[in-house]
Amino acid sequence: MAEKLIIFDTTLRDGEQSPGASMTKDEKLRIARQLERLKVDVIEAGFAASSNGDFEAVQAIANAIKDSTICSLSRANDRDISRAAEALKGANRARIHTFIATSPLHMEKKLRMTPEQVLEQAKLAVRFARNQAADVEFSPEDGYRSEIDFLCRVLEAVIKEGATTLNIPDTVGYAVPELYGNFIKTLREKIPNSDKAIWSVHCHNDLGMAVANSLAGVKIGGARQVECTINGLGERAGNCSLEEIVMAVKTRRDYFGLDVGVDTSQIVPASRMVSQTTGFVVQPNKAVVGANAFAHASGIHQDGVLKARDTYEIMRAEDVGWSANKIVLGKLSGRNAFKQRLNDLGIEMDSETEINAAFARFKELADRKSEIFDEDILALVSDESVTSEKEQYGFVSLAQHSETGERPHASVVFSVEGREVHGQSDGNGPVDASLKAIESHVKSGAEMILYSVNAISGSTESQGEVTVRLQHSGRVVNGVGADPDIVVASAKAYLSALNKLHSKADRVAAQG
Ligand code: KIV
Ligand code: ZN
């Protein structure tokens, strides 16, 4: 039997730190369920001490997920660690992940601590965490830019205190593969008790090398855990992408000689769910999960693939969960079929009332669109502008007029705390007019920094999925809206972003 490579998914923690990618508790729970179906070994569910919202999300995930280990990040102090332990109480298998920066730059400028103080705090934190959990991971933040002898002292000490996993972050994405691989190898060779812990890699993608660096950490360095995110989601250029690392190790098993427990057929559904929930669209040429990843446009390639698939294909599309868009439901589908499909997609609703409301929206969509795909259902349930009565703003209806040579005009009805209001405006185009109509009432003063439209299931018959990214007082939020009418989808996305701006609670920034 080959050794196992542990897949540690941090979409819900490091991925969520990407500006605008913050998710609600229900969204996180839905993604955690998909990660469990994907069979990832560890789910880093959040940073429990950073906010009440994060605490509740970690707690809900710990209570609901039974097959994967559930982990919470915590800084190296007793309060953070206790919060993590508290949130993880319901987990079948819990892990506390504690970290402190060890690079000269971070210690001096950010922490304003001496190396000896950092060493002491790391030891105390791991000791404290081990009293609360058997499974404790330690990360020296900015580890790759740390002085190796100091790092060896810290890591040796935390292993003595009982750390079971040592994770070496390349926090700023500065590493290159050979050097990073050798860095891990040297640490393992120099530290006398290094065999008492599992070594892990955590790479950021600032120079586009996160996957390559992680693979080098595994192959050269002997790491047996990779930290990664779906679609490579994460701050700045993102983290190491789960789908790429998993498929590299699986496809090149001849070279890596390791097993991964992931059910690869769940990769594309996971990718879609994360992209639809966060509004971070996947680029078409993205490896494994991009729309073009298995599309053979050139005649030579098409001909080759038809004659013998492996002429141009090293992986099979169906093995990573690509299936021709399957019509899953239609106008005649009943409530039971709809409920079953929600179940299959891992969507749990709190009450029959919620299911009834979602079913009513499904019927309304099915009246306008004959074929309903899984993506439509996901969009339908994640459409916050219409799904939650708790939200500040909700979409009601829209009318717009546009004609060649005339300035478009829109009139939008939406609710503010349950009360219907009416906004009107003209604009450069119908979308511009509609959003200005909303803004004429709301006067949020937010700056729009991104607007994008995407056809959910590929054709003009599909729903348009719109992402709107707003910035206000240094905060960035993404709103997503879907509808067969892209002007309506845009209004929903705008209202969803306003809801997030309105509700986003302050949270402690997790470094890295
Ligand atoms: O990149 C990083 O350093 C991190 C740590 C907090 C693990 O995400
Ligand atoms: Zn990180």
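Parameters at a glance
- Just so you know, the residues in each chain are numbered from 1, in the order the chain's sequence is written.
- Chains and ligands are labelled by the order in which they are written, letters from A for the one and numbers from 1 for the other.
- Two thresholds apply to this predicted model, a pLDDT of at least 70 for residue-level local features and 80 or more for giving and counting side-chain atom pairs, whereas whole-chain, interface and lining totals are computed over all residues.
- The side-chain numbers reported here are obtained from all heavy atoms of the structure, hydrogens and water having been left aside.
- Here the term donor refers to an N, O or S atom within 2.8 Å of the metal (or 3.2 Å for Na, K and Ca), and because water is left out of the atoms, sites may appear incomplete.
- Type-normalised accessible area, obtained with a 1.4 Å probe on protein chains alone, sets the label of each residue: buried when under 20%, exposed when over 50%, and partly exposed for intermediate values.
- In this analysis an axis means a line fitted to C-alpha atoms, helices contributing only their contacting stretch, and an angle means the value between N-to-C directions, from 0 to 180 degrees.
- Helix numbers and strand numbers start at the N terminus; a helix is a DSSP run of H or I with at least 4 residues, a strand a run of E with at least 2.
- Orientation is classified from the angle alone, with under 35 degrees giving roughly parallel, over 145 giving roughly antiparallel, 65 to 115 giving roughly perpendicular, and any other angle giving oblique.
- Handedness of a helix crossing follows the sense of rotation of the near helix relative to the far helix, less than a right angle counterclockwise being left-handed and clockwise being right-handed.
- Should any heavy atoms of two residues lie within 4.5 Å, those residues are considered in contact.
- Classes in brief: Ala, Val, Leu, Ile, Met, Phe, Trp, Tyr, Cys and Pro nonpolar; Asp, Glu, Lys and Arg charged; the others, Gly included, polar.
- A carboxyl oxygen of Asp or Glu within 4 Å of a side-chain nitrogen of Lys or Arg is what we treat as a salt bridge.
- Here a residue is near a molecule or strand as soon as one of its heavy atoms is found within 4 Å of it.
- Identification of polar contacts relies on pairs of N or O atoms within 3.5 Å, with a donor-acceptor requirement for protein atoms, meaning one able to donate a hydrogen and the other able to accept it, and with residues adjacent in sequence counted only if both atoms are side-chain atoms.
- Surface accessibility follows the Shrake-Rupley procedure with a 1.4 Å probe radius. Residue values consider only the protein chains on display as shielding.

Peer 1: Run through the coordination of the zinc ion (ligand 2), naming residues and quoting values.
Peer 2: Those protein atoms acting as donors to the zinc ion (ligand 2) are Asp-14 (OD), His-202 (NE2) and His-204 (NE2), and they sit at 2.0 to 2.1 Å. Judged by relative accessible area, which is 5%, His-202 ranks as buried.

Peer 1: Go over the packing of helix α8 (residues 210–219) against helix α9 (residues 242–251), please, and point to the residues and values.
Peer 2: At a minimum axis distance of 10 Å, the contact between α8 and α9 shows a crossing angle of 45°. Of the possible angle classes, the one that applies to α8 and α9 is oblique. Between α8 and α9 the crossing geometry is right-handed. The residues of α9 that touch α8, namely those facing Val-211, Ser-214 and Leu-215, are Glu-244, Ile-245, Ala-248 and Val-249. When its residues are assigned to classes, the contact of α8 with α9 shows five nonpolar, one polar and one charged.

Peer 1: I'd like a rundown of the pattern of salt bridges, residues and numbers included.
Peer 2: Counting across every chain of the model gives 38 salt bridges. Ionic pairing is found between Lys-196 and Asp-195, a salt bridge with its closest N-O pair at 3.7 Å. One exposure class covers both Lys-196 and Asp-195, and it is exposed. One salt bridge connects Arg-236 with Asp-206, and the closest N-O pair in it is separated by 2.6 Å. Remark: Asp-206 occurs in the loop between β8 (198–203) and α8 and Arg-236 occurs in the loop between β9 (225–228) and α9; sequence separation between them is 30 residues. Taking relative accessible area as the criterion, Arg-236 reaches 48% and is therefore assigned partly exposed. The structure contains a network of salt bridges with shared partners spanning Glu-364, Arg-368, Asp-483 and Lys-492.

Peer 1: So, the site of ligand 1: which residues are in play, and what are the values?
Peer 2: Around ligand 1, the structure places 12 residues, and the nearest of them are Arg-13, Asp-14, Thr-171, His-202 and His-204. At a separation of 3.1 Å, an oxygen atom of ligand 1 approaches a polar side-chain atom of Asp-14. At a separation of 3.1 Å, an oxygen atom of ligand 1 approaches a polar side-chain atom of His-202. When isolated, ligand 1 has an accessible area of 260 Å², and the protein chains bury 100% of it. Counting only elements with at least two residues in the shell around ligand 1, the list comes to β5 (94–101) and β6 (135–141).

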